[in-house]
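Okay, here's what each chain looks like letter by letter:
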Amino acid sequence: MKELHIAKVSEKIINELPDGALLTVESNGKLNTMAIGWATLGRVWNKPILTVMVRFSRFTHDVIKNADSFTVSFSTEGKLKEIIAKCGSKSGRDIDKFKEYNLTPKYVEGIESPYIAEGDLHIVCKIVYKNTMEPELLSDEIKDRWYKDNDYHTIYYGEVVKVLKNE
């Protein structure tokens, strides 16, 4: 595993997001991963920050609300594309995705949430802030398109503490 600076992979991350990635979280003995296609990468509080959004209805929301960290694993070489799609269609309430899809959690010292070894690029983050969306502050266009069912997100700000790439 090779450690990289976030600036070396930021364009790749932004370009890979529409194809999906796996957000993985562990807390209080619960471990889950879910497919994501939305995130923001930038600098806040003079730190490299990856923000991810988790809907209230997701099993991952139950896990991440008590977590101190999360990871995002990408499949830049396409090895996980099929699994990302499957993880986006099944809930961790119903199956253990790690057992079902033969995923291997790998841990970084001092970080509770593992990354998925089968990915080839991993962003390891410590949660530094979270905020629940306030529907009344959203534009009507966004509410009408993405929140017709009132299933809003909590936004998690993760300080990027490591970027790992499989060699």
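Structure shown above.
A brief report on the enclosed structure follows. (Residues numbered from 1 in each chain as written. Predicted model: local features only at pLDDT ≥ 70, side-chain atom pairs only at ≥ 80, totals over all residues. Heavy atoms only, no water.)

## Regarding the overall build of the chain
Step number 1: The number of helices and strands found in the chain is 5 helices and 10 strands.
Step number 2: For the chain, whose C-alpha radius of gyration is 15 Å, the value lies close to the compact-globule estimate of 15 Å for 167 residues.
Step number 3: For the C-alpha atoms alone, the extent of the chain along its principal axes is close to 45 × 40 × 30 Å.
Step number 4: The buried share of the chain, reckoned over its 167 residues, is 44%.
Step number 5: Contacts in the chain between residues far apart in sequence, at least 24 positions, make up 72% of those at least 6 positions apart.
Step number 6: In the chain, which carries 24 positive and 25 negative side-chain charges, the distance between the mean positions of the two groups comes to 2 Å. (Helix = DSSP H or I, 4+ residues; strand = E, 2+ residues; numbered from the N terminus. Rg over C-alpha atoms; globule rule 2.2 N^0.38 Å. Buried < 20%, exposed > 50% of the residue type's maximum accessible area, 1.4 Å probe, protein only. Contact = heavy atoms within 4.5 Å. Lys, Arg positive; Asp, Glu negative; His and termini not counted. Charge placed at Lys NZ, Arg CZ, Asp CG, Glu CD.)

## Considerations on the layout of surface pockets
Any empty space left between atoms is shown by rolling a water-sized probe over those atoms.
Step number 1: What the largest pocket holds in volume is close to 370 Å³.
Step number 2: For the lining of the largest pocket, the secondary-structure elements that each account for two or more residues are β3 (30-36), β5 (47-55) and α2 (59-64).
Step number 3: For the lining of the largest pocket, the element with the most residues is β3, which contributes 4 residues.
Step number 4: Here the lining of the largest pocket is composed, by residue class, of 8 nonpolar, 9 polar and 5 charged. (1 Å grid on protein atoms, 1.4 Å probe; cavity = no way out; pocket = protein on both sides within 12 Å on 5 of 7 lines; lining within 4 Å. Points joined across faces, edges and corners; volume = space filled by probe spheres on them. Nonpolar A, V, L, I, M, F, W, Y, C, P; charged D, E, K, R; others polar.)

## Side note on the nonpolar core
Step number 1: Judged by nonpolar contacts, the single largest core of 26 residues is most densely connected at Leu 23, Phe 70, Val 72 and Ile 123.
Step number 2: Per-element tally for this core: the top contributor is strand β9 (residues 121-132), with 4 residues.
Step number 3: Setting aside its immediate chain neighbours within four residues, Ile 123 contacts Ile 6, Ile 13, Leu 50, Phe 70, Thr 71, Val 72, Phe 74, Val 160, Lys 162 and Val 163.
Step number 4: Membership of the second largest hydrophobic core comes to 9 residues, among which are Leu 80, Ile 84, Cys 87 and Ile 116. (Core = buried A, V, L, I, M, F, W, Y, C linked by side-chain atoms within 4.5 Å.)

## Quick look at the packing of aromatic side chains
Step number 1: One pass over the full model with this rule turns up 5 aromatic pairs.
Step number 2: Ring geometry for Trp 38 against Trp 146: centres 4.8 Å apart, planes inclined by 90°, an arrangement best described as edge-to-face. Here Trp 38, found in the loop between β3 and β4 (39-44), pairs with Trp 146, found in helix α5 (residues 140-146); they are 108 residues apart in sequence, far enough to count as distant.
Step number 3: Note on Trp 38: relative accessible area 36%, which makes it partly exposed.
Step number 4: By relative accessible area, Trp 146 is classed as partly exposed at 34%.
Step number 5: Of the aromatic side chains, those joined through ring pairs into one cluster are Trp 45, Tyr 129 and Tyr 157. (Phe/Tyr/Trp six-rings, centres within 6.5 Å; stacked < 30°, edge-to-face > 60°.)

## Remarks on helix α1 (residues 6-16)
Step number 1: Among the residues of α1, Ile 6, Val 9, Ile 13 and Glu 16 are the ones counted as buried. Take α1 and look down its axis: the buried residues cluster within an arc of 85°, on one side only. Residues Ala 7, Glu 11 and Asn 15 are exposed on α1 and point more than 90 degrees away from its buried face. (Arc of directions from axis to C-beta.)

## A word on the pairing of β3
Step number 1: As paired elements, strand β2 (residues 21-27) and β3 share 7 bridges and run antiparallel to each other. By the bridge assignment for β3, Leu 22 is matched with Ala 35.
Step number 2: Here β2 folds back onto β3 in antiparallel fashion, the turn holding 2 residues, of which Asn 28 has a positive phi close to 50°. (Pairing = 2+ DSSP bridges.)

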